[in-house]
Amino acid sequence: MGDVIVGIESTAHTFSFGSVTHDGAPSNSTSALYRPETGGIHPREAADHHSQHAHDLLQKFLQDNQISNDDITAIAFSQGPGLGPCLRIGATVARTLSEQLEIPLVGVNHCVAHIEIGRNQTGCDDPVLLYVSGGNTQVIARAGDRYKVIGETLDIGIGNMLDKFARNQGIAFPGGPKIEKLASEWHALNPDADVSDCPLPYSVQGMDLNFSGLLNAAQLRINEGKELGQVCWSLQEHAFTACVEVAERALAHTGKTELLLGGGVACNERIREMSRLMCEQRSAEATWPEKRFCVDNGTMIAELGRRMLEVSSPILYHESDINPSLRTDHTIVEWD
Ligand code: AMP
Ligand code: MG
């Protein structure tokens, strides 16, 4: 395939390899998803899953994309934020490949990688990112040499909230896509429905969000005998409206005119539609990458690694420690 930068993603459920060429053409990612048998994600079990799959997944990725060791010119990995045990597996594989192949190593900020793969894929230039994933919910925009967090969840991530609600109804992880299906099927049969028929809290606080109250209230509506489809629909309406409201205020505040969606929840057609409608009303543009680049993937890590290596040196071995609580605005943005 020629020269490529390989990226490794391992912040949470997903262990994934991907690559980009030096001019930014992305490969497909090869990924393995940890699905807990019961309950939520167990960091050590997820890390065990990642280490068990690492070898075979890398071989499959190289084979599928016809990449040989000689083609790989650098290794990028997620340095944070994420679950420590999971991050450590990705970092260890990255260090090993870097040593073995004698190629540069670059540690990247996972949240910033969502922005850069979005810019790469959609052609937007200076967006507000609405980053809605399992563990993260943030509204981010570039200010000077940083991507600043303008608003974020004060408790759990929106995807985590959807997954937990689904799990309580006996729906397996990931629950978000199933909730979307139940919501849209119910709404097709009840097109005139009003959210006040299934009231839930509206959880915007200043520029921030929270989702645990919404989760509890949705469960209460189920306990009171509301139909699952109706509660799924109302839950989506409330949670997505809150996110899109904060995103709109971020556009107004920064004067930017592009809204980019990223993270697994950005696969949802309803949050896309709400974003598009909001942007239309203020002559802005809403955009998002293909689903395979919304969810966590190794290709986005490779893309940010590529951008960083264009303008700065690779990291040294002793600088390759993971940082589970790495903040979006910690990373200095030196690339265009
Ligand atoms: P990520 O953490 O970015 O890899 O994304 C995983 C999260 O995205 C999980 O919480 C999923 O439930 C959620 N997700 C994936 N597809 C959808 C969808 N169509 N609607 C809502 N949530 C989704
Ligand atoms: Mg993510």
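Details of the structure are given in the entry above.
Residues numbered from 1 in each chain as written. Chains lettered and ligands numbered in written order. Predicted model: local features only at pLDDT ≥ 70, side-chain atom pairs only at ≥ 80, totals over all residues. Heavy atoms only, no water.

Q: I tried to follow the environment of Ile-315 on my own but got confused; where do I start?
A: Positionally, Ile-315 belongs in the segment after helix H10 (298-311). On the accessibility criterion, Ile-315 (22% relative accessible area) is partly exposed. Through-space distance from the C-alpha of Ile-315 to that of Ala-76 is 10.0 Å; in sequence the pair is 239 residues apart. Apart from the residues within four sequence positions on either side, Ile-315 is in contact with Phe-77, Gln-79, Leu-105, Val-106, Gly-107 and Ser-320. (Helix = DSSP H or I, 4+ residues; strand = E, 2+ residues; numbered from the N terminus. Buried < 20%, exposed > 50% of the residue type's maximum accessible area, 1.4 Å probe, protein only. Contact = heavy atoms within 4.5 Å.)

Q: How should I be thinking about the pattern of salt bridges in this particular structure?
A: Side-chain pairs of opposite charge can arise whenever the charged atoms involved come near each other. Under the counting rule described, the total for this entry stands at 21 salt bridges. Glu-269 serves as the salt-bridge partner of Arg-272, at 3.9 Å between the closest nitrogen and oxygen. Linking Arg-272 with Glu-269, this pair stays in helix H8 (residues 269-281), spanning three residues, or about one helical turn. What makes Glu-269 partly exposed here is its relative accessible area of 45%. Here the residues in one salt-bridge network are Glu-116, Arg-119, Asp-125, Glu-303, Arg-306, Arg-307 and Glu-310, joined through shared partners. (Salt bridge = Lys/Arg side-chain N within 4 Å of Asp/Glu carboxyl O.)

Q: What am I meant to see in the coordination of the magnesium ion (ligand 2) here?
A: Angles between donor atoms at a metal ideally measure 109.5 degrees for a four-coordinate tetrahedral arrangement and either 90 or 180 degrees for a six-coordinate octahedral one. Only His-110 (NE2), His-114 (NE2), Tyr-131 (OH) and Asp-296 (OD) from the protein coordinate the magnesium ion (ligand 2), and they sit 2.1 to 2.5 Å from it. All donors of the magnesium ion (ligand 2) belong to a single chain; written as a sequence motif, their spacing is H-x3-H-x16-Y-x164-D. A residue pair is termed long-range when its members are at least 10 positions apart, and Tyr-131 in strand E6 (residues 128-132) and Asp-296 in the loop between helix H9 (291-294) and H10 qualify at 165 residues. By the burial criterion, Tyr-131 is buried, and Asp-296 matches it. (Donors = N, O, S within 2.8 Å, 3.2 Å for Na, K, Ca; no water.)

Q: What is the right way to look at the packing of aromatic side chains in this model?
A: Each aromatic ring pair is specified by the distance between its two centres and by the angle formed by the two planes. Evaluated as defined, the whole model comprises three aromatic pairs. The interplanar angle of 85 degrees and the centroid separation of 5.5 Å between the aromatic rings of Phe-15 and Phe-17 together place this pair among those described as edge-to-face. Phe-17 carries the same exposure label as Phe-15, and that label is buried. Residue placement shows Arg-95 over the ring face of Tyr-317; its charged tip is 5.9 Å from the ring centre. Seen from the ring of Tyr-147, Arg-142 lies directly overhead, with NZ or CZ sitting 6.0 Å from the centre. (Phe/Tyr/Trp six-rings, centres within 6.5 Å; stacked < 30°, edge-to-face > 60°. Lys NZ or Arg CZ within 6 Å of the ring centre and 35° of its normal.)

Q: How should I be thinking about the site of ligand 1 in this particular structure?
A: The environment of ligand 1 is made up of 16 residues, and the closest members are Gly-134, Asp-163, Gly-176, Glu-180 and Gly-264. Residue Asp-163 places a side-chain N or O atom 2.6 Å away from an oxygen atom belonging to ligand 1. In this structure, Gly-264 approaches ligand 1 through a main-chain N or O atom, which is 2.8 Å from an oxygen atom. Taking 500 Å² as the accessible area of ligand 1 by itself, protein coverage stands at 90%. (Near = heavy atom within 4 Å. Polar contact = N/O pair within 3.5 Å; in protein donor to acceptor, adjacent residues only side chain to side chain. Areas by Shrake-Rupley, 256 points an atom, 1.4 Å probe, with all protein chains shown as cover.)

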